[in-house]
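Working through the structure, step by step
Here is how the chains run, residue by residue.
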Amino acid sequence: MNIETIAVVGAGTMGNGIAHVCAQHGHVVHLVDVDDQRLQAALITVKKNLDRQVKKEVISTEAADATLGRIATFTDIPSALAGADLAVEAATEERETKGAIFRQMDAAAPAHAILASNTSSISITWLGSQTGRAHRVIGMHFFNPVPVMKLVEVVRGLDTSDETFATIMDLASALGKSPVPVSDAAGFVSNRILMPMINEAVFCLMEQVASAEAIDDVMKLGMAHPMGPLTLADFIGLDVCLAIMEVLHAELGEDKYRPCPLLRKMVAAGHLGRKTGRGFYDYSTT
Ligand SMILES: NC(=O)c1ccc[n+]([C@@H]2O[C@H](COP(=O)([O-])OP(=O)(O)OC[C@H]3O[C@@H](n4cnc5c(N)ncnc54)[C@H](O)[C@@H]3O)[C@@H](O)[C@H]2O)c1
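Residues numbered from 1 in each chain as written. Predicted model: local features only at pLDDT ≥ 70, side-chain atom pairs only at ≥ 80, totals over all residues. Heavy atoms only, no water.

**Quick notes on the site of the ligand**
Around the ligand sit 25 residues, and of these Met14, Asp33, Glu93, Lys98 and Ser120 come closest. Thr13 has a polar backbone atom sitting 3.0 Å from an oxygen atom of the ligand. Thr92 places a main-chain nitrogen or oxygen 3.5 Å from an oxygen atom of the ligand. Counting residues per element, the ones that place at least two in the shell around the ligand are helix 1 (13-24) and helix 5 (95-108). For the shell around the ligand, the leading source of residues is helix 5, giving three residues. Class assignment of the residues belonging to the shell around the ligand gives a composition of nine nonpolar, 10 polar and six charged. (Near = heavy atom within 4 Å. Polar contact = N/O pair within 3.5 Å; in protein donor to acceptor, adjacent residues only side chain to side chain. Helix = DSSP H or I, 4+ residues; strand = E, 2+ residues; numbered from the N terminus. Nonpolar A, V, L, I, M, F, W, Y, C, P; charged D, E, K, R; others polar.)

Dropping the structure here:
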């Protein structure tokens, strides 16, 4: 199946990156968010990241301008999905929010369109069940920052068709990514392993085993991680980390997935990491 126009639903951390990569590879992109400020911020971020690519001579100035020119913004799903061959949902990691979005997308998208989710942990099979086209629903799990990270976990729901799976594997490759097929299980592979590690780092901080800097140093210097787990959590967003731990805990039912109380406290206080200027570290001056 030929994918030309791609709607990206949610213009936050991931949505702007997905829009950037799709537009850079020649697709018309319809970026939609309920919050107009997030849309404006997303365009500024895409422009900044394109400028960085030009400076590094990854792309030409003309290609950067053309990329930005291919992204149109919308504040309602029906307008954004009109004429789309694919919609990639990258909205807030809440089951009810995503369920409602999938019902709306199903009603608005052309019959042939594939509906993908960038969810980190919510069941693709369940999202498919919210639509009348479960065979055209799939997980397309990008990583942050999207223009840089190569991996896309391609997640098959119970009813995802072979054709949908093949189309999305091919598209991910055409976007310069390395798609890896995984089954529909809580957290897939990436977050099943990553999030409990981050959660354990927060327990170490809460129990004063070491300072945030020391915890990150141990994992960088001893395990050759490019970034410590608390720095990474700030980068991902602490609300996103908590939401994923909640899903792992609820679906897998084991105590080892219990979200750390300090993680809950940080989210309750609105200290969500880089995006709010404060998480385990202070970003107010950067
Ligand atoms: N942050 C990461 O590192 C990361 C990595 C991989 C996957 N993900 C997943 O990507 C998705 C988005 O995460 P994020 O970090 O970009 O979140 P974010 O909070 O930065 O952005 C979410 C956006 O969704 C918008 N939104 C909420 N409800 C909406 C609706 N009904 N219609 C349209 N837009 C709506 C919000 O206004 C916000 O701009 C989540 O499912 C998350 O699990 C995140």
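Text resumes after the structure shown.
**Some points on the packing of aromatic side chains**
Using the criterion set out here, one finds zero aromatic pairs in the structure. One cation-aromatic arrangement involves Arg95 over Trp126; the distance from NZ or CZ to the ring centre is 3.9 Å. (Phe/Tyr/Trp six-rings, centres within 6.5 Å; stacked < 30°, edge-to-face > 60°. Lys NZ or Arg CZ within 6 Å of the ring centre and 35° of its normal.)

**Things to note about the sheet that holds strand 1 (residues 5-9)**
Here we have eight strands laid out as an open sheet, ordered 3-2-1-4-5-6-7-8, and mixed in their pairing. In this open sheet, the two edge strands, each paired with only one partner strand, are strand 3 (71-74) and strand 8 (178-183). Each adjacent strand pair in this sheet contributes to an overall mean axis angle of 25°, direction not counted. Strand direction decides the pairing type here: strand 5 (residues 114-117) and strand 6 (residues 137-141), joined by three bridges, are parallel. Bridge pairing links Ala116 to Ile138 in strand 6. Where helix 1 meets the sheet, its contacts fall on strand 1, strand 2 (28-32), strand 3 and strand 4 (86-89), and the angle it forms with strand 2 comes to roughly 170°. (Pairing = 2+ DSSP bridges. Axes fitted to C-alpha atoms, helices over the stretch in contact; angles between N-to-C directions. Contact = heavy atoms within 4.5 Å.)

**Points about the pattern of salt bridges**
Going through the model one piece at a time under the given rule, you end up with eight salt bridges. The shortest N-O distance in the salt bridge between Lys220 and Asp217 comes to 3.8 Å. Here the residue Lys220 and the residue Asp217 both occupy positions in helix 9 (residues 212-223), the gap between them amounting to three residues, near one helical turn. For Asp217, a relative accessible area of 35% puts it in the partly exposed group. (Salt bridge = Lys/Arg side-chain N within 4 Å of Asp/Glu carboxyl O. Buried < 20%, exposed > 50% of the residue type's maximum accessible area, 1.4 Å probe, protein only.)

**With respect to the packing of helix 9 against helix 10 (residues 229-236)**
It is the contact of helix 9 with helix 10, at a shortest axis distance of 7 Å, that shows an interaxial angle of 105°. Accordingly, the angle class assigned to the pair helix 9 and helix 10 is roughly perpendicular. Contact residues: Ala212, Ile215, Asp216 and Met219 in helix 9; Pro229, Leu230 and Thr231 in helix 10. Its residues placed into classes, the contact of helix 9 with helix 10 shows five nonpolar, one polar and one charged. (Parallel < 35°, antiparallel > 145°, perpendicular 65-115°, else oblique.)

**What about the nonpolar core?**
One finds Ile18, Leu86, Met140 and Phe142 to be the most contacted residues of the largest nonpolar core, which totals 36 residues. Of all the elements, helix 1 adds the most residues to this core, at six residues. Among residues more than four places away in sequence, those in contact with Met140 are Val88, Ala116, Ser117, Asn118, Val152, Glu153, Ile168, Leu171, Ala172 and Leu175. Core analysis: the second largest hydrophobic core is formed by 27 residues, Ala201, Ile236, Leu238 and Tyr257 among them. (Core = buried A, V, L, I, M, F, W, Y, C linked by side-chain atoms within 4.5 Å.)

**Some thoughts on the side chain of Asp33**
Locating Asp33 in the fold gives a position in the loop between strand 2 and helix 2 (36-55). The buried charged residue Asp33 lacks any salt bridge, with Arg38 as its nearest oppositely charged partner at 5.5 Å. Within the local environment of Asp33, its side chain forms a polar contact with the backbone nitrogen of Ala11, the two atoms lying 2.7 Å apart. For Asp33, the side chain forms a polar contact with the main-chain nitrogen of Asp35, separated by 2.9 Å. (Lys, Arg positive; Asp, Glu negative; His and termini not counted.)

**Details of the pairing of strand 6**
Most of strand 6 sits out of view: five of its five residues are buried. Across the two faces of strand 6 the burial is the same, with Val137, Gly139 and His141 and Ile138 and Met140 all buried. In this view, the connection linking strand 5 to its parallel neighbour strand 6 by way of helix 6 (residues 124-129) has right-handed handedness. Relative to strand 7 (residues 151-156), strand 6 runs antiparallel, the two being bridged by four bridges. Each bridged residue has a counterpart across the sheet, and for Ile138 the counterpart in strand 7 is Arg156. (Right-handed = clockwise from strand over helix to strand, strands pointing away.)

Coordinates in, geometry out; function isn't part of it.
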